[in-house]
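Structural overview for review
Chain by chain, the residues:
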Amino acid sequence: MKIDKMIKTRFSNNFDSVRKAFLILDSDHDGLITIEDFLRIFGGETLADPNMVQDLKKLMKEKDSKKIGRINYEDFSAWVGSSIH
């Protein structure tokens, strides 16, 4: 998916730590990243293409091991960790 590559590229270019990236995304500091957190960071790029919002929702659902609609640190690290390190 285009959005997956965009997210990994953005994180690899801007962060040297998975933890820092997670904490920046987790704006309410509840230990979970939501679709709203991603849209806050990627909003301009993502919202310019309505299909990307749908792709992001699908991707979030795919990466969420607990299927609660939010990604915890472990899921986030497994997903983008190799792009950052």
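Residues numbered from 1 in each chain as written. Predicted model: local features only at pLDDT ≥ 70, side-chain atom pairs only at ≥ 80, totals over all residues. Heavy atoms only, no water.

Points about the overall build of the protein chain
A count of helices and strands for the protein chain gives five helices and two strands. Beginning at the N terminus, the succession of helices and strands in the protein chain can be written as α-α-β-α-α-β-α. The globule rule puts the C-alpha radius of gyration for 85 residues at 12 Å, and the 12 Å found for the protein chain is close to it. Overall, the C-alpha framework of the protein chain stretches about 30 × 30 × 20 Å when taken along its three principal axes. Taking all 85 residues of the protein chain together, the buried fraction comes to 41%. (Helix = DSSP H or I, 4+ residues; strand = E, 2+ residues; numbered from the N terminus. Rg over C-alpha atoms; globule rule 2.2 N^0.38 Å. Buried < 20%, exposed > 50% of the residue type's maximum accessible area, 1.4 Å probe, protein only.)

As for the packing of helix 1 (residues 2–14) against helix 4 (residues 50–63)
The N-to-C vectors of helix 1 and helix 4 enclose an angle of 75 degrees; their axes lie 9 Å apart at closest approach. One element, helix 1, and the other, helix 4, form an angle in the roughly perpendicular class. Side by side, helix 1 and helix 4 meet where Ile3, Asp4, Met6 and Ile7 of the first sit next to Met52, Asp55, Leu56 and Leu59 of the second. Residue classes in the contact of helix 1 with helix 4 are distributed as six nonpolar, no polar and two charged. (Axes fitted to C-alpha atoms, helices over the stretch in contact; angles between N-to-C directions. Parallel < 35°, antiparallel > 145°, perpendicular 65-115°, else oblique. Contact = heavy atoms within 4.5 Å. Nonpolar A, V, L, I, M, F, W, Y, C, P; charged D, E, K, R; others polar.)

Comments concerning unusual backbone geometry
One non-glycine residue, His29, lies in the positive phi region at around 55 degrees. Structurally, His29 is set in the loop between helix 2 (18–25) and strand 1 (32–33). For His29, a relative accessible area of 61% corresponds to the exposed category. The phi dihedral of Lys67 falls on the positive side, at around 55 degrees, and the residue is not glycine. Mapping Lys67 onto the fold places it in the loop between helix 4 and strand 2 (71–72).

Let's talk about the side chain of Asp26
Positionally, Asp26 belongs in the loop between helix 2 and strand 1. Nearest to the buried, unbridged Asp26 among oppositely charged side chains is Arg40, at 7.3 Å. (Lys, Arg positive; Asp, Glu negative; His and termini not counted. Salt bridge = Lys/Arg side-chain N within 4 Å of Asp/Glu carboxyl O.)

Here we look at the environment of Ser82
Take Ser82: it is sitting in helix 5 (residues 73–84). The exposure class assigned to Ser82 is exposed, which follows from its relative accessible area of 63%. Separated by 70 residues in the primary sequence, Ser82 and Ser12 have C-alpha atoms spaced 8.8 Å apart.

Some words on the confidence of the model for the protein chain
For the protein chain, per-residue confidence averages 85 on the pLDDT scale, and residues scoring 70 or more make up 91% of the total. For the protein chain, per-element mean pLDDT is lowest for helix 3 (residues 35–47), which scores 75, and highest for strand 2, which scores 96. (pLDDT = per-residue confidence, 0-100.)

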